[in-house]
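So you can see what is in the structure, the chains are spelled out below.
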Amino acid sequence: MKLRVLGCHGGELPTCKSTCFLVDDVLALDAGALTGTLSLEELCRVDHVLVGHSHFDHVKDLPLMADLVIGRRDTPVTIHASRECARALRENMFNNALWPDFTRIPTKRQPVLQIKTFRAGSSFQVGPYSVRSVPVSHPVESCGFIVSNGKSALAMSGDTGPTDKLWKALNETKNLKALLLETSFPNKLQSLADISGHLTPHTLGLELQKFERNGASVLLYHLKPAFVTQLKKELAELPVDVLELGDTFEL
C-alpha cells in the first residue's frame, strides 16, 4: 500500500495544504488538497474519495475536481460519506446554488460524481479495500477509518478530540502499519481544542496511552498553520512523527 501526503494541515497558507492523503493513486482520504496538488492526469485516476466529515477544509476540492474531470472519465468518481456528511454535501455544496449538482451532470445516469453513504461505525468495501468506519468526537458526525488491502492496514483518525472507540478498533486491527492522527492546537489553546473537538499535544499524550501500537507508526496531521512551529516544539518528546507535504510511505 502506497501512501502519499497531499495535504496535512488544518488550514491553508502558501506552505500549508488542507487534509488529503492518496492511497495507491486511486483512493483519496479527504479532499482538502486534490486539485491544488495533483496533475490533471493524476486527478483522473482517482476513483474513490473517502470523506471523514463535512467541514469545508476536508471537502473543499470536490466541486473543483468534478469540474476538471468531466468528460475525461468513463465512470463517476465515488464519494463515500456518512449519512450526515452526505446530506450536508447534497444540501450545501452540490445544490445548484453554491455549485452545480455534479451528481446529475452531464446526466443522472452517467454523472461525474456519485455519493455513496455509509452508517457511521459500519464496514464496507471501497474498490479493492475493506474499510471500517469508527465514530469519533467532533461537533459534526465525524469518522476515523481503518483501510486494509488484505495484507496491511492504514488508519486515519479523522478530526477528533479524546475518544475511546477508535483506540478499541485500532487495538483489534491486525497488520496495522500506520496511524494518521490529528493534532491541531498548542497546549495553551486547550479549551478551544476541547470545544472544537480536536487534540493538543497534552491530550495526544493521554490518548496514546490507550494505543497498543505493535510497531505501527503514528503520523501526525491537521496542525493549524498558525501554530506549526509551537506544536512541533511541544510534540518533540512524544513518540510520533509530524507529516510534511510530499511525504510518501510504502506500508
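Basis of the calculations
- Residues numbered from 1 in each chain as written.
- Predicted model: local features only at pLDDT ≥ 70, side-chain atom pairs only at ≥ 80, totals over all residues.
- Heavy atoms only, no water.
- Core = buried A, V, L, I, M, F, W, Y, C linked by side-chain atoms within 4.5 Å.
- Buried < 20%, exposed > 50% of the residue type's maximum accessible area, 1.4 Å probe, protein only.
- Helix = DSSP H or I, 4+ residues; strand = E, 2+ residues; numbered from the N terminus.
- Contact = heavy atoms within 4.5 Å.
- Salt bridge = Lys/Arg side-chain N within 4 Å of Asp/Glu carboxyl O.
- Phe/Tyr/Trp six-rings, centres within 6.5 Å; stacked < 30°, edge-to-face > 60°.
- Pairing = 2+ DSSP bridges.
- Axes fitted to C-alpha atoms, helices over the stretch in contact; angles between N-to-C directions.
- Arc of directions from axis to C-beta.

- The name given to the protein in an unreviewed UniProt entry is cAMP phosphodiesterase, with Corallococcus macrosporus DSM 14697 as the source organism.

Regarding the nonpolar core
Now for step 1: In terms of nonpolar packing, the biggest core is built from 30 residues, with Leu 34, Val 49, Leu 62, Met 65, Leu 89 and Leu 113 touching the most fellow members.
Now for step 2: If you list the elements that add at least two residues to this core, you get strand E2 (20-23), helix H1 (40-44), helix H3 (62-69), strand E5 (77-82), helix H4 (83-92) and strand E6 (113-118).
Now for step 3: Discounting residues that sit within four places of it in the chain, Leu 89 has contacts with Val 59, Leu 62, Ile 79, Ala 81, Phe 94 and Ile 115.
Now for step 4: Among the nonpolar cores identified, the runner-up in size contains 25 residues, and Val 126, Tyr 129, Val 147 and Leu 180 belong to it.

Topic: the pattern of salt bridges
Pairing is possible between side chains of opposite charge, provided their charged atoms come close.
Now for step 1: Applying the stated criterion to the full structure yields 11 salt bridges.
Now for step 2: Residues Glu 12 and Lys 60 are paired through a salt bridge, measuring 3.1 Å at the closest nitrogen-oxygen approach. A residue pair is termed long-range when its members are at least 10 positions apart, and Glu 12 in the loop between strand E1 (2-7) and E2 and Lys 60 in the loop between helix H2 (56-59) and H3 qualify at 48 residues.
Now for step 3: On the basis of relative accessible area, Lys 60 is assigned to the buried category, the value being 19%.
Now for step 4: Its salt-bridge partner being Glu 172, residue Arg 132 comes within 3.2 Å of it at the nearest N-O pair. Taken together, the positions of Arg 132 in strand E8 (residues 129-135) and Glu 172 in the loop between helix H5 (165-171) and strand E11 (176-182) put the pair 40 residues apart, joining distant regions of the chain.
Now for step 5: On the basis of relative accessible area, Arg 132 is assigned to the partly exposed category, the value being 32%.
Now for step 6: Among the residues examined, Glu 172 registers a relative accessible area of 43% and is labelled partly exposed.
Now for step 7: One salt-bridge network, held together by shared partners, links Glu 12, Lys 60 and Asp 61.

Some words on the packing of aromatic side chains
Now for step 1: The final tally for this structure, using the stated rule, is five aromatic pairs.
Now for step 2: Each residue in the set Phe 118, Phe 124 and Phe 145 is aromatic and connected to the rest through ring pairs, giving one cluster.

Section: the sheet that holds strand E14 (residues 248-250)
Now for step 1: Pairing is mixed in the open sheet, where seven strands are placed in the order E6-E5-E4-E3-E2-E1-E14. With one partner strand each, in any of the chains shown, E6 and E14 form the two edges of the open sheet. For this sheet the average axis-to-axis angle between neighbouring strands, irrespective of direction, equals 20°.
Now for step 2: Judged from the three bridges that link them, strand E4 (residues 48-50) and E5 form a sheet pairing that is parallel. Its bridge partner lying in E5, His 48 is registered against Thr 78.
Now for step 3: On top of the sheet, H3 reaches E4, E5 and E6; it is set at about 165° to E5, its chief contact.
Now for step 4: Across the face of the sheet, H4 comes into contact with E5 and E6 while running at roughly 120° to E5.

Details of helix H8 (residues 228-235)
Now for step 1: If you check which residues of H8 are buried, you get Val 228, Leu 231 and Leu 235. Down the axis of H8, the smallest arc covering the buried residues is 60°, so these residues share one side. Opposite the packed face of H8, turned more than 90 degrees from it, sit the exposed residues Thr 229 and Lys 233.
Now for step 2: Buried residues in H8 make contact with helix H7 (201-208), strand E12 (217-221) and strand E13 (241-242).

Brief notes about the pairing of E8
Now for step 1: Of the pairings in the sheet, the one linking strand E7 (residues 123-126) to E8 comprises four bridges and is antiparallel in character. Residue pairing for E8: Phe 124 is matched across the bridge by Val 131.
Now for step 2: Taking the residues between adjacent antiparallel strands as the criterion, E7 and E8 are bridged by two residues, where Gly 127 takes a positive phi near 55°.
Now for step 3: By the bridge criterion, six bridges tie E8 to strand E9 (residues 143-148) in an arrangement that is antiparallel. Of the residues in E9, the one forming a bridge with Ser 130 is Ser 148.

Some points on H3
An α-helix turns once per 3.6 residues; consequently, residues spaced three or four apart project the same way.
Now for step 1: Burial in H3 covers these residues: Leu 62, Pro 63, Met 65, Ala 66 and Val 69. Looking straight down H3, one finds its buried side chains confined to an arc of 160°; they lie on one side.
Now for step 2: Where H3 terminates, the next one or two residues include Gly 71, which has phi positive at roughly 80°.

Regarding the sheet that holds E13
Now for step 1: Spatial ordering of the open sheet is given by E7-E8-E9-E10-E11-E12-E13, a layout of seven strands whose pairing is mixed. Of all the strands in the sheet, just E7 and E13 have a single pairing partner and so form its edges.

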